[in-house]
Amino acid sequence: MEFVTKNSPHLRRPNANVVRMMRDVAIALSPLVIFAIHQHGLSALWILLVSVVSMVATEYIYYQIIDKLNGEKFTLNNKSFTVYNFSVVVSGLIYGLTLPDQIPLVIVAIGGIIGVFLAKLIFGGMGQNIFNIAAFARVFVVLSFGTALAYTNHVDADLGATALGVLNQDMLNENATNYGFWTMFSGIGLPGSLGETSALLILAGGLYLFMRKSFDVFVPLTYVGTVFILSLAVMFTQDVGFWYPATHVLAGGLLFGAVFMATDPITIPTTRPGRIYFAFGLGVITFIIRLFGNLPEGVVFAILIMNMFVPAIDYHKWATNKFTLKNVSIFTAIVIITVVLTAVGVHYAG
Amino acid sequence: MISKARKVSDYRQLTKELPTLRYVDPERVYINLQSDRCKTYTLDVKEGDKVKLGQVIGERDGGFFKQPIYSTISGEVEGLTKKLHPTGIEVDCVTIRNDFKDEYHESVTDRPESVIDKMTKEEMVDVIRHAATVGLGGSGFPSYIKLDTDKEIHTVVINAVECEPYLSSDYRLIKDSPEEIFYGLKYIMQALKAEKGVIAVKKTKTELIDVLERELKRFPHMNIEIAKLADYYPQGWENEMFENALGIKIPSGVLPMEYGVIGFNVSTASAIYEALKHNLPIIKRHLTVNGDAINFPQNIRVRVGTSIKDLIRLSDGYREDAEKIDLVIGGPMMGTSVEHDDVVVTPTTTSVLVLESQDFHEEPCVRCGSCIYSCPVDIQPVNIMNAIKRNDTKALENLEVGKCIECGLCAYVCTSKIHLTDYMRKGKKLLG
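Engineer: Help me understand the overall build of chain A, please; the structure alone is not making it clear to me.
Structural biologist: Helix and strand counts for chain A come out as 14 helices and 1 strand. Burial analysis of chain A (350 residues in total) assigns 56% to the buried set. The long-range share in chain A, meaning contacts at least 24 apart out of those at least 6 apart in sequence, stands at 75%.

Written out as structure tokens, the structure is:
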């Protein structure tokens, strides 16, 4: 027996560790994986396998080389190699689930390799990345191989367009999106990316993460809430039905991005007010891209754009732990101005 | 886990309902001549001298105050040794061999209640200074300086919250001798001419509330109330306690006396009672021996100056299969771990924790924000850590690292098991 001296505190919170947090995300994603395979068959399985394996393998080889350069021996428990805490597996899964079902596997692999290398490894590995890895990989694929992103339409094989794609083409025409609420909510038979179609399963995953306290629930709530309020404003000023905000919330990658991508703690601000500003910014950017952008999908771009603002939101001169009266009043003013501007903007642009 | 966490998990072997064991007659006591506040001292006795209980044997010098050193037993002086102080520093101690007679020194005389009733603040402060009473919650700050405030005090709060897990010494003190606390509070209120007294206690400790309410009936003419506070950490932090018990929010860096309130620990109140009533310094105190690597956790009433080695032996020693032991003096959240068990019990020693040392696997920070959500003083531990890593003193100033009370919650809640509290200490040092 020997005595060891340590600095206080001498206790640590039980059940709080990175492995648990990341494993929870993987568990929350698993129904989506099963659903994707059920919907799209083996091609979905192959895409997910390739996306995960490409990311894990890139990281593995990278740390092999780094360790060799440092003259160390490689071990599985190496702190930098993050397979043991699921972080790279989760990134790979999320990336795979954002992809369309008809994408060539080569493109999936290239996106995964470039994504994990450029967005994570060269920044210094886990905890150091500025950009959401999955969002970065997905955007890389969109911008580089845009024409390869074809969707299979189960309802009408000729159309091949997602609900949001239709909405983007013909913004205020109700008949353009005739998928129906149940199809949009359950995702059964809905064309779209592998994991983004089933709102039901995404919400179930979010509920699980919330109950396990493995994500900050205020981020998805604010994000989806912002998009909903902005589309409500458009609904009232343009005199369209409730299908319009409902489509905005349920269609595309909004729910998936809000629950699984915007909540990645590494790439979002650290304070609660900061996280709410961040999620509000996400909502506004997503909505603007959806309305006026060239591409139907704004979520991943919004996440990458807001990732860049994280150091500014967290800046020590103004970041506060709690909402102060000053913060609340400025933020409320910004929210009101944004809603008014959106309504006016849609009126003139639409 | 991303969440605010202020509940610190308590130890499964709760000692609070265990009876208090008495161990007041050790073979030898070791009176520390230096302490963390007092570096120099004078010693008036030499080897072979006979001393009595309560006799002044020297004086510690703490710069802005001087403090008499008392013998806590009667017996024979055996010379100087080096022992560890509970704060982990090595100090000179004088050894006194017990003659088991407990002969009181002539200066130890009881003061009748009628005399105390007529005492002025100055007289009381003088008695308390002479009795070397210090803040027994762990600060060790001389109580007479606190009591000698020239601010007008309207409320005296007795801190019986004891929010650190594993500890039960204050709990046992209140259960064993609640009247001392009420008398102590009464004297403090008399000295400060305060109209109101509050005893703050956790609402989950229902048995204590029962004891205190029963005792309160004996003081019907006094304006004392019992504040039942929520059970979370760090409820026992003075400012948190004032806010929840009185609704007064005291900003960091301001003394509570500015707001007309003053706080004393329960043990301090009891020590003030001993000093005024019996003219006695602190010679005995309640102490908890607890932890997962001790065979027999218990509460002990000990003589000040006892070696902790004796107490460990009394608790059946260390668990045999424990390889590495983290011996903590104080609570598990803020206590100091010491190099070996040759430590002397001082008046401020609340507990001895024998913990099996665990190596926490530190992972890269995932910026989950739990430390920010949990911080009781609303600073941002994770951002302070990053500022320290890039040596950014300007950011450290803006992040107000100086507000940190080192309660240990940030390191406790950390998902990645990073020792954030150490970073906070480093940050404070960087700012000077």
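Engineer: Looking at this model, I keep getting lost on the overall build of chain B. Mind explaining?
Structural biologist: Regarding its fold elements, chain B presents 14 helices and 17 strands. Radius of gyration (C-alpha) of chain B: 22 Å, near the 22 Å computed for a compact globule of 432 residues. Referenced to the eigenvectors of the C-alpha coordinate spread, the extents of chain B come out at roughly 65 × 50 × 40 Å. In chain B, which comprises 432 residues, the share counted as buried stands at 61%. In chain B, the share of contacts with a sequence separation of at least 24, taken over all contacts with a separation of at least 6, comes to 72%. Counting 56 positive and 65 negative side-chain charges, chain B places the centres of these two groups 3 Å from one another.

Engineer: What's the story with the nonpolar core in this structure? I'm lost.
Structural biologist: Counting residues in hydrophobic clusters, the biggest one holds 88 residues, and the most contacted among them are Leu29, Leu97, Tyr223, Phe256 and Phe260 of chain A. The biggest single contributor to this core is helix 12 (residues 272–292) of chain A, with 10 residues. Setting aside its immediate chain neighbours within four residues, Phe260 of chain A contacts Val25, Ala28, Leu29, Leu32, Ile94, Ile202, Gly205 and Leu209 of chain A. Residues Val156, Leu192, Met257 and Phe264 of chain B belong to the second largest nonpolar core, which totals 44 residues.

Engineer: I keep staring at the packing of aromatic side chains and nothing clicks. Help me out?
Structural biologist: Two aromatic rings are characterised by how far apart their centres lie and by the angle between their planes. A full pass over the atoms with the stated rule returns 19 aromatic pairs over all chains. Taking 6.0 Å as the distance between ring centres and 70° as the angle between the ring planes, the aromatic pair formed by Tyr62 of chain A and Phe117 of chain A counts as edge-to-face. Of this pair, Tyr62 of chain A sits in helix 2 (residues 42–69) while Phe117 of chain A sits in helix 4 (residues 105–119), and the two are 55 residues apart along the sequence. You can call Phe117 of chain A partly exposed: its relative accessible area is 34%. Considering the side-chain rings of Tyr277 of chain A and Phe323 of chain A, the 6.1 Å spacing of their centres and the 75° angle between planes classify their relative orientation as edge-to-face. In this pair, Tyr277 of chain A is assigned in helix 12 and Phe323 of chain A in the loop between helix 13 (299–313) and helix 14 (325–349), connecting sequence segments 46 residues apart. Judged by relative accessible area, Phe323 of chain A falls into the partly exposed class, the value being 36%. In this structure an aromatic cluster arises from ring pairing among Phe182, Tyr183, Tyr187, Phe219 and Tyr273 of chain B.

Engineer: Teacher, can you tell me more about the pattern of salt bridges here?
Structural biologist: Note that side chains of opposite charge can pair when their charged atoms are close. All names here are of chain B. What the rule picks out here adds up to 41 salt bridges over all chains. Two residues, Lys50 and Glu76, come together in a salt bridge whose shortest N-O distance is 3.7 Å. Of the two residues, Lys50 is situated in strand 4 (residues 50–51) and Glu76 in strand 7 (residues 75–84); the sequence distance between them amounts to 26 residues. Exposure remark for Lys50: the relative accessible area of 63% places this residue in the exposed category. The salt bridge involving Glu238 is made with Lys146; its shortest N-O contact spans 3.7 Å. Of this pair, Glu238 sits in helix 7 (residues 238–246) while Lys146 sits in helix 3 (residues 143–147), and the two are 92 residues apart along the sequence. The class for Glu238 is partly exposed, based on a relative accessible area of 23%.

Engineer: Sorry, what's going on with the sheet that holds strand 7 of chain B here?
Structural biologist: Hydrogen bonds between backbone atoms are what pair the strands of a sheet, whose relative direction is either parallel or antiparallel. Residue and element names in this part refer to chain B. The 4 strands are arranged 2-8-7-4 in an open sheet whose pairing can be described as antiparallel. Only two strands of the sheet have a single partner each, and these edge strands are strand 2 (28–32) and strand 4. Note: strand 2 against strand 8 (residues 90–98), 5 bridges, orientation antiparallel. In the strand pairing of strand 8, Asn32 is matched with Cys93.

Engineer: Even after reading the chapter, I still don't get the interface of chain B and chain A, so can you show me in this structure?
Structural biologist: Size of an interface: often given as the accessible area lost when the parts come together. Contact with chain B, which involves 66 residues of that partner, is made by 47 residues of chain A. At the boundary of chain B with chain A, total buried surface from both sides reaches about 4800 Å², with 53% on carbon and sulfur atoms. Counting the contacts that link chain B with chain A gives 2 salt bridges. A salt bridge links Asp378 of chain B to Lys322 of chain A; the shortest N-O distance between them is 3.2 Å. Taken together, the connections running from chain B to chain A amount to 35 residue pairs in polar contact (both at pLDDT 80 or more). Listing elements by their share of the side of chain B that touches chain A, those giving two or more residues are strand 15 (324–329), strand 16 (336–337), helix 10 (370–374), helix 11 (381–389), helix 12 (393–398), helix 13 (409–413) and helix 14 (420–431) of chain B. Considering each element in turn, the side of chain B that touches chain A owes the most residues, 5 residues, to strand 15 of chain B. Among the residues forming the side of chain B that touches chain A, the class breakdown is 31 nonpolar, 20 polar and 15 charged. As defined by bridge partners, strand 1 (residues 2–3) of chain A adjoins strand 15 of chain B across 2 bridges and the pair is classed as parallel. Note on strand 15 of chain B: the bridge partner recorded for Phe3 of chain A is Ile325 of chain B.

Engineer: Hey, could you run me through the packing of helix 9 (residues 218–238) of chain A against helix 12 of chain A in this one?
Structural biologist: Each pair of packed helices can be summarised by the angle the axes make with each other and by the distance between the axes. All names here are of chain A. Direction vectors running N to C along helix 9 and helix 12 enclose 40°, while the axes themselves pass 8 Å from each other. Classed by the angle they form, the pair helix 9 and helix 12 counts as oblique. The two elements helix 9 and helix 12 cross, and the hand of that crossing is right-handed. Residues Phe218, Val219, Thr222, Tyr223, Thr226, Val227, Leu230, Ser231 and Val234 of helix 9 form the contact with helix 12, whose own contacting residues are Arg272, Arg275, Ile276, Ala279, Phe280, Leu282, Gly283, Val284, Thr286 and Phe287. Split into classes, the residues belonging to the contact of helix 9 with helix 12 amount to 12 nonpolar, 5 polar and 2 charged.

Engineer: Would you explain the pairing of strand 9 (residues 155–159) of chain B in this entry?
Structural biologist: The side chains of a regular strand alternate between the sheet's two faces. Residue and element names in this part refer to chain B. The buried count for strand 9 comes to 5 of 5 residues, which makes it a mostly enclosed element. Where burial is concerned, the two faces of strand 9 agree: the one with Thr155, Val157 and Asn159 and the one with Val156 and Ile158 are both buried. Pairing geometry for strand 9 and strand 10 (residues 196–202), over 5 bridges, is parallel. Looking at strand 10, one finds that Ile158 is bridged to Ile199.

Engineer: Explanation requested: the domain arrangement of chain B in the structure shown.
Structural biologist: All names here are of chain B. Domain boundaries in chain B define domain 1 (8–106 + 282–356), domain 2 (113–278) and domain 3 (370–431). Between the C-alpha centres of domain 1 and domain 3 the distance comes to 33 Å. Taken together, the contact pairs 4 residues of domain 1 with 6 residues of domain 3. Note on domain 1 versus domain 3: buried area summed over both sides is about 380 Å², and carbon and sulfur give 63% of it. It is Val8, Met333 and Met334 that lose the most area in domain 1 upon contact with domain 3, and together they represent 89% of the buried surface on that side. The tally of links between domain 1 and domain 3 comes to 0 salt bridges. Scanning the region where domain 1 abuts domain 3 turns up 0 residue pairs in polar contact (both at pLDDT 80 or more).

Engineer: Just to check I follow, could you spell out helix 5 (residues 178–192) of chain B for this structure?
Structural biologist: One full turn of an α-helix is made of 3.6 residues, so residues set three or four places apart face in the same direction. All names here are of chain B. If you check helix 5, its first and last C-alpha atoms are 21 Å apart, about what 15 residues at 1.5 Å a residue would give, namely 21 Å. Burial analysis of helix 5 places 12 of its 15 residues in the buried class, which makes it a mostly covered element. Where helix 5 is concerned, the buried positions are Pro178, Glu180, Ile181, Phe182, Gly184, Leu185, Lys186, Tyr187, Ile188, Met189, Ala191 and Leu192. Just downstream of helix 5 lies Lys193, where phi reads positive at about 55°.

Conventions we followed
- Residues numbered from 1 in each chain as written.
- Chains lettered and ligands numbered in written order.
- Predicted model: local features only at pLDDT ≥ 70, side-chain atom pairs only at ≥ 80, totals over all residues.
- Heavy atoms only, no water.
- Helix = DSSP H or I, 4+ residues; strand = E, 2+ residues; numbered from the N terminus.
- Buried < 20%, exposed > 50% of the residue type's maximum accessible area, 1.4 Å probe, protein only.
- Contact = heavy atoms within 4.5 Å.
- Rg over C-alpha atoms; globule rule 2.2 N^0.38 Å.
- Lys, Arg positive; Asp, Glu negative; His and termini not counted.
- Charge placed at Lys NZ, Arg CZ, Asp CG, Glu CD.
- Core = buried A, V, L, I, M, F, W, Y, C linked by side-chain atoms within 4.5 Å.
- Phe/Tyr/Trp six-rings, centres within 6.5 Å; stacked < 30°, edge-to-face > 60°.
- Salt bridge = Lys/Arg side-chain N within 4 Å of Asp/Glu carboxyl O.
- Pairing = 2+ DSSP bridges.
- Buried area = accessible area lost by both parts, 1.4 Å probe.
- Polar contact = N/O pair within 3.5 Å; in protein donor to acceptor, adjacent residues only side chain to side chain.
- Nonpolar A, V, L, I, M, F, W, Y, C, P; charged D, E, K, R; others polar.
- Axes fitted to C-alpha atoms, helices over the stretch in contact; angles between N-to-C directions.
- Parallel < 35°, antiparallel > 145°, perpendicular 65-115°, else oblique.
- Left-handed = near helix turned anticlockwise from the far one by under 90°.
- Domains from an automatic or database assignment.
- Expected span 1.5 Å × (residues − 1).

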